[in-house]
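Coordinates in review
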Amino acid sequence: MILPIYAYGQPVLKKVAEPIAADYPDLAQFIADMWETMEEANGVGLAAPQVGRSIRLFVVDSGPMQDEGKEGEGIRQVFINAEIIEEAGADCSYAEGCLSIPDITGDVVRPEQVTIEYEDEHFVTHTSTFTGMNARVVQHEYDHIEGILFTEHLKPLKKRLVKRKLEKIRRGDIELKYRMKFVR
Ligand SMILES: [Zn+2]
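Residues numbered from 1 in each chain as written. Predicted model: local features only at pLDDT ≥ 70, side-chain atom pairs only at ≥ 80, totals over all residues. Heavy atoms only, no water.

Glancing now at the nonpolar core. Core analysis: the biggest nonpolar cluster contains 37 residues, and F30, L46, L57 and I101 have the highest contact counts within it. Per-element tally for this core: the top contributor is helix α1 (residues 27–40), with 6 residues. Those residues in contact with I101 that lie beyond four places of it in its chain are Y8, L149, F150, T151, L166 and I169. Among the nonpolar cores identified, the runner-up in size contains 17 residues, and F58, A82, Y118 and A135 belong to it. (Core = buried A, V, L, I, M, F, W, Y, C linked by side-chain atoms within 4.5 Å. Buried < 20%, exposed > 50% of the residue type's maximum accessible area, 1.4 Å probe, protein only. Helix = DSSP H or I, 4+ residues; strand = E, 2+ residues; numbered from the N terminus. Contact = heavy atoms within 4.5 Å.)

Here's what the structure looks like:
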């Protein structure tokens, strides 16, 4: 089932999300809905708060973000109860976007490598290190479960430039490409 994506301005996007246990109700269906919703919106990642649930769960499919011919280097993974262990490497700048903040992109600086501990959909614990685009998407989605949006990382001048556009998104005064839920 395709879920509506909560737009900028929704309070759930600003909450630190809660961990979940393996007996979380209808988890397999929820994960299937997350994939379906992300794919319908042509996203490369989606976090549970973006569909209105303040839980520490996100999905990533970074294949489409890899350079041509290197799509196989992407990851397709469910991350549950993730905690970043370490970020390392040089700071990299990349123009990010977000399904909750349509039609806005902006350069965000992040370390090029991230080590993260998480559980998969079977609640098996993993510790993985990601670099490049995989790290970028994981860091962006991880921010969502910490209640942080990429626009908060923009430089002050860029923040001022997108302010009016953000207010329009908050009000729902935008052209919809997929189902969204606004605060109004
Ligand atoms: Zn996002």
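That shown, we press on.
This brings us to the pairing of strand β3 (residues 57–61). Taking burial as the measure, the 5 residues of β3 include 5 buried ones, the bulk of the element. Going residue by residue along β3, you find L57, V59 and D61 tucked away on one face and F58 and V60 tucked away on the opposite face as well. Pairing analysis gives 3 bridges linking strand β2 (residues 45–47) to β3, with the strands arranged antiparallel. Bridge assignment links G45 to a residue of β3, and that residue is V60. Two elements, β3 and strand β4 (residues 76–98), share 5 bridges in a ladder whose sense is antiparallel. (Pairing = 2+ DSSP bridges.)

Moving on to the sheet that holds β4. Sheet strands pair by backbone hydrogen bonding; their relative direction is either parallel or antiparallel. Pairing is antiparallel across the open sheet formed by 5 strands, whose spatial order is β2-β3-β4-β5-β6. Strands at the two margins of the open sheet, each flanked by one partner only, are β2 and β6 (125–131). With direction set aside, neighbouring strand axes in the sheet form an average angle of 40°. Along the sheet face, α1 touches β2, β3 and β4 and points at about 45° away from the line of β3. (Axes fitted to C-alpha atoms, helices over the stretch in contact; angles between N-to-C directions.)

Once that is clear, we can look at the coordination of the zinc ion. The protein atoms that coordinate the zinc ion are C98 (SG), H140 (NE2) and H144 (NE2), at distances of 2.0 to 2.3 Å. Counting along the primary sequence, the residues that act as donors to the zinc ion give the motif C-x41-H-x3-H. Here H144 and H140 lie together in helix α2 (residues 132–145), a separation of 4 residues that amounts to about one turn. Here H140 and H144 have matching classes, each one buried. (Donors = N, O, S within 2.8 Å, 3.2 Å for Na, K, Ca; no water.)

Moving on to a negative patch on the surface. Residues D67, E68, E71 and E73 make up a contiguous surface patch of negative charge. Note on placement: E68 falls in the loop between β3 and β4. (Patch = residues over 30% accessible without salt bridge, like charges linked within 9 Å, V, L, I, M, F, W, Y side chains within 5 Å. Areas by Shrake-Rupley, 256 points an atom, 1.4 Å probe, with all protein chains shown as cover. Salt bridge = Lys/Arg side-chain N within 4 Å of Asp/Glu carboxyl O. Lys, Arg positive; Asp, Glu negative; His and termini not counted. Charge placed at Lys NZ, Arg CZ, Asp CG, Glu CD.)

Here α1 contains 14 residues, and its C-alpha end-to-end distance of 20 Å stays within 8% of the 20 Å for a straight helix at 1.5 Å per residue. When α1 is considered as a whole, its buried residues turn out to be L27, F30, I31, D33, M34, W35, T37 and M38. Along its buried surface, α1 packs onto β1 (5–6), β2, β3 and β4. Backbone geometry just downstream of α1 places N42 in the positive-phi region, at approximately 55°. (Expected span 1.5 Å × (residues − 1).)

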